[in-house]
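Here is what each chain is made of, one letter per residue.
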Amino acid sequence: EWTQQAAEERRKAWAGEAVTASVLVSGVKPDLSKRPQAGLVAVDVDNGTTQLLTTGTVRDIAFSAEANAVAYVRRVEQFIPRNDEPLPFNELFKMRQGKFELEVRSLAGELLFSSRSQVEQVVPESLRWSLDGKELAFLGYTKNNTSERQQLIRYFTSDHSLKSVVLDQIDPSPIPYALPQMEWTRRGLLIYGSSRSAN
């Protein structure tokens with residue numbers, strides 16, 4: 001009975017014969033733990049075993065050189081629209097929306113590092129392992145950063161520490177609608193490309 005009524009109401013709305021309402025909630029941070037959770041699973045193709053590494057909204061998955069660790073970003077806060085700003089609609093923005101933290105795990109599922117206490121925001125799509133697997137570079141904002149500029153941050157596997165790199169006049173923010181341009185060389189140098197300064 002109710003399905004027939006709903007179908008009739010939809011028909012009226014499409015025909016312009018009835019009033020419809022759309023309610024949007026803004027300014028309230030949604031609880032991401034109450035949403036459906038995906039799982040990041042490691043599969044051993046030699047023996048067919050699987051290992052659940054973590055659950056949640058993870059993306060930008062990057063394996064270290066020797067494939068003994070995996071880094072990824074986890075969404076910890078949903079994007080919240082502001083009443084004085086237009087909604088940006090593009091595919092790259094959808095990948096980057098919200099707030100993300102970095103996690104590094106062993107392939108056995110052991111959490112090796114979490115940036116939650118030190119980094120305010122990690123930029124998705126910016127994770128880059130060094131060729132020897134000893135360092136992971138990424139873009140983000142540290143919690144003690146007073147500048148609005150993104151920082152180049154390095155994670156060291158030897159002691160699980162972070163080091164923020166001062167870039168002087170270089171703005172490491174990705175060019176709009178483009179991925180961060182950052183790569184390691186064989187000699188262990190980190191090359192970064194950025195847009196020209198407006199100054």
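For the structure, see preceding data.
Residues numbered from 1 in each chain as written. Predicted model: local features only at pLDDT ≥ 70, side-chain atom pairs only at ≥ 80, totals over all residues. Heavy atoms only, no water.

## Digging into the overall build of the chain
Next, step 1: On a plain count of helices and strands, the chain comes out with 2 helices and 13 strands.
Next, step 2: Here the chain holds 199 residues, and the buried ones make up 31% of them.
Next, step 3: The contacts of the chain with a sequence gap of at least 6 include a subset with a gap of at least 24, amounting to 44%.
Next, step 4: Accessible area for the chain stands at about 13,500 Å²; split by element, carbon and sulfur atoms hold 51% of it. (Helix = DSSP H or I, 4+ residues; strand = E, 2+ residues; numbered from the N terminus. Buried < 20%, exposed > 50% of the residue type's maximum accessible area, 1.4 Å probe, protein only. Contact = heavy atoms within 4.5 Å. Areas by Shrake-Rupley, 256 points an atom, 1.4 Å probe, with all protein chains shown as cover.)

## What about the environment of Leu-136?
Next, step 1: Here Leu-136 shows up in strand β9 (residues 135–142).
Next, step 2: For Leu-136, a relative accessible area of 0% corresponds to the buried category.
Next, step 3: Sequence separation of Leu-136 and Phe-156 is 20 residues, and the distance between their C-alpha atoms is 6.7 Å.
Next, step 4: Sequence-distant contacts of Leu-136, defined by excluding residues within four places in its chain, comprise Ala-71, Leu-102, Val-104, Leu-127, Arg-128, Trp-129, Ile-153, Arg-154 and Tyr-155.

## Some thoughts on a nonpolar patch on the surface
Next, step 1: The grouping of Val-41, Val-43, Val-45 and Leu-52 at the surface amounts to a nonpolar patch, some 400 Å² of accessible area in total.
Next, step 2: For Leu-52, the location among the structural elements is in strand β2 (residues 49–55). (Patch = residues over 30% accessible without salt bridge, like charges linked within 9 Å, V, L, I, M, F, W, Y side chains within 5 Å. Salt bridge = Lys/Arg side-chain N within 4 Å of Asp/Glu carboxyl O.)

## Some thoughts on the nonpolar core
Next, step 1: Ranked by internal contacts, the top residues of the largest apolar core, which has 16 residues, are Leu-102, Val-104, Leu-127, Trp-129, Leu-136 and Phe-138.
Next, step 2: Every element with two or more residues in this core is listed here: β4 (69–77), β5 (99–106), β7 (119–122), β9 and β10 (151–156).
Next, step 3: With residues up to four places along the chain from it excluded, the contact list for Phe-138 reads Leu-102, Val-119, Val-122, Ser-126, Leu-127, Gln-151, Leu-152, Ile-153, Tyr-155, Leu-162 and Met-182. (Core = buried A, V, L, I, M, F, W, Y, C linked by side-chain atoms within 4.5 Å.)

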